[in-house]
Amino acid sequence: MKPLVLGFLLNLLVLCCHADPDQHCSNSSSFVGFESEFTMVQHQLRGILTVVDDCSFRVSKFDMISANDVHWWGANATDFGNLTRGFIVSDHILNQTYKNETFVVHLQKNITWDQVQVLSVWDLTGASDFGHVVLGNNNESSSAPDLATIYEGSDPVGLVNNTRLIYGHRKDGVSFIRYRRPLVSVDKKYDVSIDSRASTTVIWALGLMRPPDVLRPYYLPQNHGGPRQVTYGHLKLNVSERVDDCLGPLDAEDKEEQDLIIADAKVPLVVTTSPALHYPNPPHPSKVLYINKKEAPVLRVERGVPVKFSIQAGHDVAFYITSDLLGGNATLRNRTETIYAGGPEAEGVPASPTELIWAPDRNTPDQVYYHSLYQRKMGWRVQVVDGGLSDMYNNSVILDDQQVTLFWTLSEGSISIAARGEKKSGYLAIGFGSAMLNSYAYVGWIDDDRRGHVNTYWIDGKDASNVHPTNENLTYVRCKSENDIITLEFTRPLKPPCKGDEPECKNIVDPTTPLKVIWAMGSRWTDKHLNERNMHSVTSQRPVRVLLMRGSAEAEQDLRPVLAVHGFMMFLAWGILLPGGILAARYLKEVKGDGWYRFHVYLQYSGLSIVLLGLLFAVAELRGFYVSSLHVKFGIAAIFLACVQPLNASLRPKKPANGEEPSSKRLLWEYFHFIVGRGAIVAGIVALFTGMKHLGDRSGGENVHGLDWALAVWFLIGALIIMYLEYSERQRRRDRIFGRSNWVLGNTDEEDSVDLLSRTRAFTQKESEASKRMVLQLEPLSR
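In this text, all values refer to a predicted model and were calculated from it rather than measured experimentally.

Cut-offs used in this document
- Residues numbered from 1 in each chain as written.
- Predicted model: local features only at pLDDT ≥ 70, side-chain atom pairs only at ≥ 80, totals over all residues.
- Heavy atoms only, no water.
- Helix = DSSP H or I, 4+ residues; strand = E, 2+ residues; numbered from the N terminus.
- Buried < 20%, exposed > 50% of the residue type's maximum accessible area, 1.4 Å probe, protein only.
- Contact = heavy atoms within 4.5 Å.
- Core = buried A, V, L, I, M, F, W, Y, C linked by side-chain atoms within 4.5 Å.
- Pairing = 2+ DSSP bridges.
- Expected span 1.5 Å × (residues − 1).
- Axes fitted to C-alpha atoms, helices over the stretch in contact; angles between N-to-C directions.
- Phe/Tyr/Trp six-rings, centres within 6.5 Å; stacked < 30°, edge-to-face > 60°.
- Patch = residues over 30% accessible without salt bridge, like charges linked within 9 Å, V, L, I, M, F, W, Y side chains within 5 Å.
- Areas by Shrake-Rupley, 256 points an atom, 1.4 Å probe, with all protein chains shown as cover.
- Salt bridge = Lys/Arg side-chain N within 4 Å of Asp/Glu carboxyl O.

Asker: Pulling in residues and values, what's your account of the overall build of the protein?
Answerer: Within the protein, the secondary structure is distributed over nine helices and 41 strands. Counting only residues that meet the buried cut, the protein has 42% of its 783 residues in that class. Across the protein, the fraction of contacts at a sequence separation of at least 24, relative to all contacts at a separation of at least 6, is 61%.

As structure tokens, then:
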């Protein structure tokens, strides 16, 4: 038990020693007991600071609008240079909104009050002072300027100015003013005395001030209120009662409108420099940038609308637009930044200004900054808002049924696309393809939390299970809904940076080839449990052929009848006429006369003419010749080989006389004619089958599978017929060699009835007189 009791006592002793970390903090500093109000600079910071002891202070009635990375900060003075060279004095972080709160803050162990002349609430990221206290000074200084409130009275000059300004400013859209006046006023005409023991009606009003002129040397209030906005009122106040209605900071609705300049494409923005008087982002250097005579205002620009600056800020100020909050060349502070416009050359004076044109595009962030390249924090921020899509993109077309507008801009290696529905919907989808089947879809929708999404899909069927998400490399993705009108935007590479069997790797956009675009809309979309009930309800009736490089589009006509005619012509040529000509040369040579030859020539030339006519028909209807699909490649090969055959026939060497051996040129010609002819037929048949697949891709596979089977059966029957004819021909040759069939077709002196490439050519004259007279010949065009 003794060790257990001893351990308990030791733990209790440790807890007691750490229960109050400040119990050994001394009170030797002269600042102990010092109390002062914070001087508000921004974020509506206010409160009272009281130094408790040598290592802590109390903050009471503390208000502040939240920000990020805010710390307690020590510095030697309130000027810009000293504040930026300050240091963190406490581990207490102020990253929240405070409303009339009280708490104790402890200094770091190595910090003493002698090191701190100014205690500030400091935004470390923006290097900004939210508010501060100068230790040893009282904020209610007797040197405060007079409030511009003048009363008529009995003093020698006829005027009474008995109101003293203590503190006042306007920050974040909220005006603060504190002043002191006597309870009993000597001005009996325009002022009233205040009974400290009774309730008094206090009236208030907000409005503009009229500046002094030669008649009235004072600021005077102008008209206030109006039919749409009431800016005046009253309340009951008893000054003898203790009232604490400080409920926290006021988040004014118009705080972003203070010192705001909206850029106009037709009016240049004049950039100058002047002393910093009321810089909205303290601390500030000795001079700041003015735009159109306003001190460091917020600048609002639209994407796609060029902004023209007339830079007259001096040769020591280089104006630039940057992604860095502080400016002043962030690379010197070992920070990366993106420069959107301007630089060392963007400097000038009023006598010789420099013109700078900046065109923010859809890839420009929502917030950037204008600054000087040579000194930090001379400028302020730029709000980049969406302009019209027609301004943000170089090209636009209206898709089918005029319910969706497509926008795009081509860049080197990428394309930026936007689509906007022209009717209310829950989602909007655009697809690359002739129909929903076998298309790449881009879907934009708003979820239940009002957040926009854009996802990509590969669709290989007509139900929800055939909609497959893909992993396309999309950037600058946005989707928004205004009055239930969906607009989606994204940027994607022209050629996906991947190789493989994934669908997204095959989704290549060729700017030189028309892009077929379809669309769909519906009431709801989800990327988790997609089903037929939350798929599309309205779709385009046909694709639109978008000419990306020309910036135009045309509705795609129903090409199935055209392609059907083209396919029938090619089937007639490659499936009947051209193979028939070859069969005539192969199996009709033993017919008396040259009928086989005429039949062969007529069929070949007829088939070739139909092939060329079908080719011209398709090219003219498709308005272009695109060597992209497998069908076109095999078709070109077949047509080329077919066109070589007539040229080859015109160069045919003379056939050998009866009993002569064929020359080497004749043999070479026969082999070439044989190989080219068969190659053309094989390429043509493959082109027929790939053409059927091409037609199926265009028409969504409707009625194409049956045609595929019919074509296959046709060529199967043809193959069986050829096998039968070949067998009969070989049997006939065998009978002729052994002298049993010289009477079959009559004329045994016809030398062109024998194939020169046949194996029977090895027989000699001694073996058979009949075989000695045979001259072998290539089937097509051999005479």
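Asker: Describe the nonpolar core, and please don't skip the residues or the numbers.
Answerer: Ranked by internal contacts, the top residues of the largest apolar core, which has 35 residues, are Leu299, Phe309, Phe319, Trp358 and Tyr370. Once residues lying within four places of it in the same chain are set aside, the contact partners of Leu299 are Ile261, Ala263, Leu269, Ile291, Phe309, Tyr370, Arg381, Val382 and Gln383. Core analysis: the next-biggest nonpolar cluster, separate from the first, contains 28 residues, Val404, Leu406, Ile417 and Leu474 among them.

Asker: Kindly report on the sheet that holds strand β21 (residues 294–295), identifying the contributing residues and their values.
Answerer: With respect to topology, five strands assemble into an open sheet ordered β21-β20-β19-β23-β26, the strand pairing being mixed. Because the sheet does not close on itself, it has two edges, and the strands there are β21 and β26 (354–358). One ladder, built from five bridges, connects strand β19 (residues 269–275) with strand β20 (residues 287–291); its direction is antiparallel. Bridge pairing links Thr272 to Tyr290 in β20.

Asker: Which residues make up helix α6 (residues 630–650), and what values go with them?
Answerer: For α6, with 21 residues, the first-to-last C-alpha span of 32 Å sits near the 30 Å given by 1.5 Å per residue. Those residues of α6 that sit buried are His631, Gly635, Ala638, Ile639, Ala642, Val644, Gln645, Asn648 and Ala649.

Asker: So what's going on with the pairing of strand β5 (residues 70–75)? Which residues, and what values?
Answerer: With six of six residues buried, β5 is to be regarded as a mostly interior element. Pairing geometry for β5 and strand β8 (residues 118–123), over six bridges, is antiparallel. Residue pairing across strands places Trp72 opposite Val121, the latter belonging to β8. Bridging between β5 and strand β6 (residues 87–93) involves three bridges; their strand directions are antiparallel. Following the sheet pairing, Gly74 is matched in β6 by Phe87.

Asker: How would you sum up the pairing of strand β22 (residues 298–302)? Please name residues and give values.
Answerer: Strand direction decides the pairing type here: strand β18 (residues 260–262) and β22, joined by three bridges, are parallel. Each residue of the ladder has a partner; that of Ile262, found in β22, is Arg300. In this sheet, strand β28 (residues 381–385) lies alongside β22 in parallel orientation, the contact comprising four bridges. Bridge assignment links Leu299 to a residue of β28, and that residue is Val382.

Asker: Describe in detail the sheet that holds strand β27 (residues 367–372), supporting the description with residues and values.
Answerer: The mixed open sheet is built from six strands, whose spatial order is β18-β22-β28-β27-β24-β25. Either end of the sheet is taken by a strand with one partner, and the two such strands are β18 and β25 (339–342). Averaged over all neighbouring strand pairs, the angle between strand axes comes to 25°, with direction disregarded. Pairing of strand β24 (residues 319–322) with β27, which is carried by four bridges, proceeds in the antiparallel orientation. In the strand pairing of β27, Tyr320 is matched with His371.

Asker: Let's hear about the packing of aromatic side chains: which residues, and what values?
Answerer: Taken as a whole and assessed by the stated rule, the structure comprises 19 aromatic pairs. Centre to centre, the rings of Phe689 and Phe715 are 6.1 Å apart; their planes meet at 45°, and the pair counts as tilted. Of this pair, Phe689 sits in helix α7 (residues 664–699) while Phe715 is found in helix α8 (residues 705–737), placing the two residues 26 residues apart along the sequence. Through a chain of ring-to-ring contacts, the aromatic side chains of Phe38, Phe57, Phe62, Trp72, Tyr98, Phe103 and Trp113 assemble into a single cluster.

Asker: Outline α8, listing residues and values.
Answerer: Every α-helix winds through 3.6 residues per turn, so residues three or four apart in the chain are directed the same way. Over its 33 residues, α8 extends 48 Å from the first C-alpha to the last, a length consistent with the 48 Å expected when each residue adds 1.5 Å. Along α8, the positions that sit buried rather than exposed are Leu711, Phe715, Glu726, Glu729, Arg733, Asp735, Arg736 and Ile737.

Asker: Go over a nonpolar patch on the surface, please, and point to the residues and values.
Answerer: A grouping of Leu183, Val184, Val202, Trp204, Leu206, Leu235, Leu237 and Val239 is seen on the molecular surface, where their side chains present a nonpolar patch of about 680 Å² in accessible area. Where the nonpolar patch is concerned, the elements lending two or more residues are β14 (200–205) and β17 (232–237). Assignment of secondary structure puts Val184 in the loop between β13 (174–180) and β14.

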